[in-house]
Amino acid sequence: MPNRHASAAQNPEIPGLEPDLQRVSVLLPLPLSGAYDYLVPAGLELAPGDIVRVPLGPREVYGVVWERDADAEAPIARARLKEVRGRCDVPPLTEVARRFLEWLAAYSLSAPGSVLRMALNVTQALEPPRPVKLIAATGIEAGPELRLTAARRRVLAEAGGGPGRNAPARPLSELARAAGVSTSVIKGLRTAGLLEVVEVIPRADFAAPDWRRQGPELSPAQSQAAAALCDGLDSFSVTLLDGVTGSGKTEVYFEAIAAALAAGRQCLVLLPEIALSAQWLGRFVDRFGVKPAQWHSDLSAVQRRVTWRAVAEGDARVVVGARSALFLPYRDLGLVVIDEEHDRAFKQEDGVVYHARDMAVVRARLGEIPIVLASATPSLETVVNVKTGRYARLHLPERHGLAELPEVRLVDLRQDQPERIAGLPGGGGQSWLSAALRGALGETLVAGEQALLFLNRRGYAPLTLCRACGHRLTCPQCTAWLVEHRLMGRLQCHHCGLSQPLPRQCPACDAEDSLVACGPGVERLAEELAALFPDA
């Protein structure tokens, strides 16, 4: 790690400093150019990757031991170095994770500490978990002096009191609710010695996915693709899994996930958006019986702390999340899947700039594990890598089962020109829908089905001009056309945000009521549809 600094450049010499104390290099999750040197106190053994607490000025911060036995000939005297305060009770960052962070820092020209911050962004997970107080039965039988009321008997029954009975400890409020009593009844039994308070360290409840569960029957093409993915789990490879929508790409890479789980490895699936995870989670539960660990910005602080530790300790076997999930401290990552790899949401443009898809390929290369890029419309970069032989390709040409792709018809408006229809509002009855489209809409509505129309033009019309002189209303700030929003009665520029009322006169020739809307926007299209299909 370049640019190693002293941890206490201005501290006075420490009297009585032991000359044989080990010096370590600690990288801090701060926008610093390199690691800082610290001394290891006697009795504390540290290794690269250990997460430690160290002093930095008047405060205490977390950091990662990057090098052990730092250069004894460093320009900072040993007597001016501060000591490491302690090691956190969490698994260390693996060598692959540290190499990945170093690579990303060099590639993105970012401070190594800024990159480390993305991996240590849940500081609560680095602290020892707080013990939870639970109520448990002591197993002591009630003496004759204690009057066992019906409420007390219900509490003891729920708590598992009595000879030969053993129930798990439960929170006070939960036990009171299950027994239908107030907490004072439970406290009375505690005073009598029949119940006791026990402190336990909570652990993440991430059930292991059942990779033995049988998935749906795969087609020959899907089975061939799944077998190819499963055969390549022992080494690094990049595979593009492409196919038409509904071809079963998810079920194919689920087979690779099952094989990785069977080998005892962790799996990471990156999705571009949180909104896509609901349907994906349902399919995962159907296939493996449990939900995977999730990682995205909508998690609470408690969920993030629990998930971070579960990933570091290996309890979270499968993680699905947004791009930041790439930096979780995986204990033994064995497979990476990038779903919808073409999506722009994988680009991080704030702070450390990176593309999660490309960095995931680097992470897989450093860890010598396979990565799968799944998409129905692969990105140009991935297509080029496939053509040059850098990436492998598995193609699924057909939709799964009996599903068929919808019929697509292109309508040439030069041949099927929209016509004027009496009764249409605005523009002298000018229609903006072709006869073929109007007919298809009518058939769809008669069949009781729904229709969706998309138009990438906001407002009522994209252009307003003067009938008298031909002047086009443009934005005075950026010269873009002003878009009429008739519902608001205003003209707006969608480039710079300018908004102004719709004028009564032409600003060029002063002609009144000469301004006409040209072209269709979504408001104008909705107006025409309401006139053509008033009952829809």
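Residues numbered from 1 in each chain as written. Predicted model: local features only at pLDDT ≥ 70, side-chain atom pairs only at ≥ 80, totals over all residues. Heavy atoms only, no water.

### Quick look at the overall build of the protein chain
The number of helices and strands found in the protein chain is 13 helices and 22 strands. A compact globule built from 536 residues should have a C-alpha radius of gyration of about 24 Å, whereas the protein chain, at 33 Å, is more than 25% larger. Seen through its principal axes, the protein chain has C-alpha atoms that stretch 95 × 75 × 55 Å. For the protein chain, with 536 residues in total, the buried portion stands at 41%. Sequence-distant contacts in the protein chain: of pairs separated by 6 or more residues, those separated by 24 or more amount to 71%. For the protein chain, the accessible area works out to roughly 28900 Å², and carbon and sulfur atoms hold 50% of it. Taking the average place of the 59 positive charges on the side chains of the protein chain and the average place of its 61 negative ones, the gap between the two points comes to 5 Å. (Helix = DSSP H or I, 4+ residues; strand = E, 2+ residues; numbered from the N terminus. Rg over C-alpha atoms; globule rule 2.2 N^0.38 Å. Buried < 20%, exposed > 50% of the residue type's maximum accessible area, 1.4 Å probe, protein only. Contact = heavy atoms within 4.5 Å. Areas by Shrake-Rupley, 256 points an atom, 1.4 Å probe, with all protein chains shown as cover. Lys, Arg positive; Asp, Glu negative; His and termini not counted. Charge placed at Lys NZ, Arg CZ, Asp CG, Glu CD.)

### Some thoughts on the sheet that holds strand 20 (residues 490-492)
Pairing is antiparallel across the open sheet formed by three strands, whose spatial order is 19-20-21. Taken across any chain shown, the strands that pair with only one partner, and hence form the sheet edges, are strand 19 (483-485) and strand 21 (499-501). Each strand axis lies, on average, 30 degrees off the axis of its neighbour in the sheet, ignoring direction. For strand 20 and strand 21, the ladder comprises three bridges, and the chain directions are antiparallel. Residue pairing across strands places Gln 492 opposite Ser 499, the latter belonging to strand 21. (Pairing = 2+ DSSP bridges. Axes fitted to C-alpha atoms, helices over the stretch in contact; angles between N-to-C directions.)

### So, the pairing of strand 5 (residues 59-68)
Direction of pairing for strand 2 (residues 22-27) relative to strand 5: antiparallel, over a ladder of four bridges. In the sheet register, Val 26 faces strand 5, and the bridge partner there is Val 65. Connecting the antiparallel pair strand 4 (residues 51-56) and strand 5 is a turn made up of two residues, with Gly 57 showing a positive phi of about 65 degrees.

### Observations concerning the sheet that holds strand 16 (residues 370-375)
Pairing within the open sheet is parallel, and its seven strands lie in the order 11-12-10-13-16-9-17. Of all the strands in the sheet, the pair left with one neighbour each is strand 11 (293-295) and strand 17 (392-396). Neighbour to neighbour, the strand axes of the sheet diverge by 20 degrees on average, direction disregarded. Inspection of the sheet shows strand 11 paired to strand 12 (residues 318-321) by three bridges, in the parallel sense. Looking at the pairing, Trp 295 lines up with Gly 321 of strand 12. Packed on one face of the sheet, helix 7 (residues 249-262) meets strand 9 (237-243), strand 10 (266-270), strand 12, strand 13 (333-339), strand 16 and strand 17 and runs near 170 degrees to strand 13. Across the face of the sheet, helix 9 (residues 301-313) comes into contact with strand 10, strand 11 and strand 12 while running at roughly 120 degrees to strand 11.

### Re the pattern of salt bridges
Tallied over the full model, the rule gives 19 salt bridges. Of the charged contacts, one joins Glu 419 and Arg 438 as a salt bridge, the two residues approaching to 3.3 Å between their closest N and O atoms. Of this pair, Glu 419 sits in the loop between strand 17 and helix 12 (435-446) while Arg 438 sits in helix 12, and the two are 19 residues apart along the sequence. Salt bridges here are not isolated pairs; linked through shared partners, they connect Glu 341, Arg 357, Asp 358 and Glu 381. (Salt bridge = Lys/Arg side-chain N within 4 Å of Asp/Glu carboxyl O.)

### Examining the state of the cysteines
Counted according to the given criterion, the structure contains zero disulfides. Free of any disulfide, Cys 475 has its nearest neighbouring cysteine sulfur in Cys 496, separated by 3.5 Å. (Disulfide = S-S within 2.5 Å.)

### Details of the nonpolar core
In summary, soluble globular proteins display a tendency toward joint burial of nonpolar side chains. Core analysis: the largest hydrophobic core is formed by 56 residues, its most contacted members being Leu 101, Leu 268, Trp 308, Val 319 and Ile 371. Broken down by element, the residue count for this core peaks at seven residues, all from helix 10 (residues 356-367). For Ile 371, the contacting residues outside a window of four places in its chain are Ser 237, Val 238, Thr 239, Val 336, Ile 338, Ala 360, Val 361 and Ala 364. With 29 residues, the next largest nonpolar core counts Phe 284, Leu 335, Ala 374 and Leu 394 among its residues. (Core = buried A, V, L, I, M, F, W, Y, C linked by side-chain atoms within 4.5 Å.)

### Considering the confidence of the model for the protein chain
Put simply, the protein chain has an average pLDDT of 87, and 91% of its residues get 70 or more. Counting contacts from residues 8-17, a segment whose pLDDT is below 50, to residues more than four positions away or on other chains yields 13 contacts. (pLDDT = per-residue confidence, 0-100.)

### Some points on the packing of aromatic side chains
Enumeration according to the criterion identifies nine aromatic pairs in this entry. Centroid distance Phe 100 to Phe 327: 5.7 Å. Interplanar angle 25 degrees. Geometry classified as stacked. Taken together, the positions of Phe 100 in helix 1 (residues 95-108) and Phe 327 in the loop between strand 12 and strand 13 put the pair 227 residues apart, joining distant regions of the chain. Taking the relative accessible area as the measure of exposure, Phe 327 reaches 5% and is therefore buried. Ring centres of Phe 254 and Phe 288 lie 5.6 Å apart, and the angle between their planes is 70 degrees; this geometry places the pair in the edge-to-face category. Of this pair, Phe 254 sits in helix 7 while Phe 288 sits in helix 8 (residues 277-288), and the two are 34 residues apart along the sequence. Each member of the pair, Phe 254 as well as Phe 288, is classed as buried. A network of ring pairs unites the aromatic residues Tyr 253, Phe 254, Trp 280, Phe 284 and Phe 288 as a single cluster. The positively charged end of Arg 287 is found above the aromatic ring belonging to Phe 288, 4.8 Å away from the centroid. Taking NZ or CZ as reference, Arg 486 lies 3.8 Å from the ring centre of Tyr 460, over its face. (Phe/Tyr/Trp six-rings, centres within 6.5 Å; stacked < 30°, edge-to-face > 60°. Lys NZ or Arg CZ within 6 Å of the ring centre and 35° of its normal.)

### Remarks on the side chain of Glu 341
Relative to the elements of secondary structure, Glu 341 occurs in the loop between strand 13 and strand 14 (347-348). A distance of 3.3 Å separates a polar atom in the side chain of Glu 341 from a polar atom in the side chain of Arg 357. Ignoring anything within four residues of it in the chain, the contact list for Glu 341 reads Phe 346, Arg 357, Leu 373, Ala 374, Ser 375, Pro 378, Ser 379 and Thr 382. (Polar contact = N/O pair within 3.5 Å; in protein donor to acceptor, adjacent residues only side chain to side chain.)

### Things to note about helix 3 (residues 150-159)
The α-helix advances 3.6 residues per turn, and as a result positions three or four apart in sequence lie on the same side. Three or more residues of helix 3 are buried, namely Val 155, Leu 156 and Ala 159. Here the buried residues of helix 3 occupy an arc of 95 degrees about the axis, which is enough to place them on one side. Opposite the buried face of helix 3, by more than 90 degrees, sit the exposed residues Ala 150 and Arg 153. Contacts made by the buried residues of helix 3 are with strand 7 (132-137), helix 4 (172-179), helix 5 (183-191) and strand 8 (195-200). (Arc of directions from axis to C-beta.)

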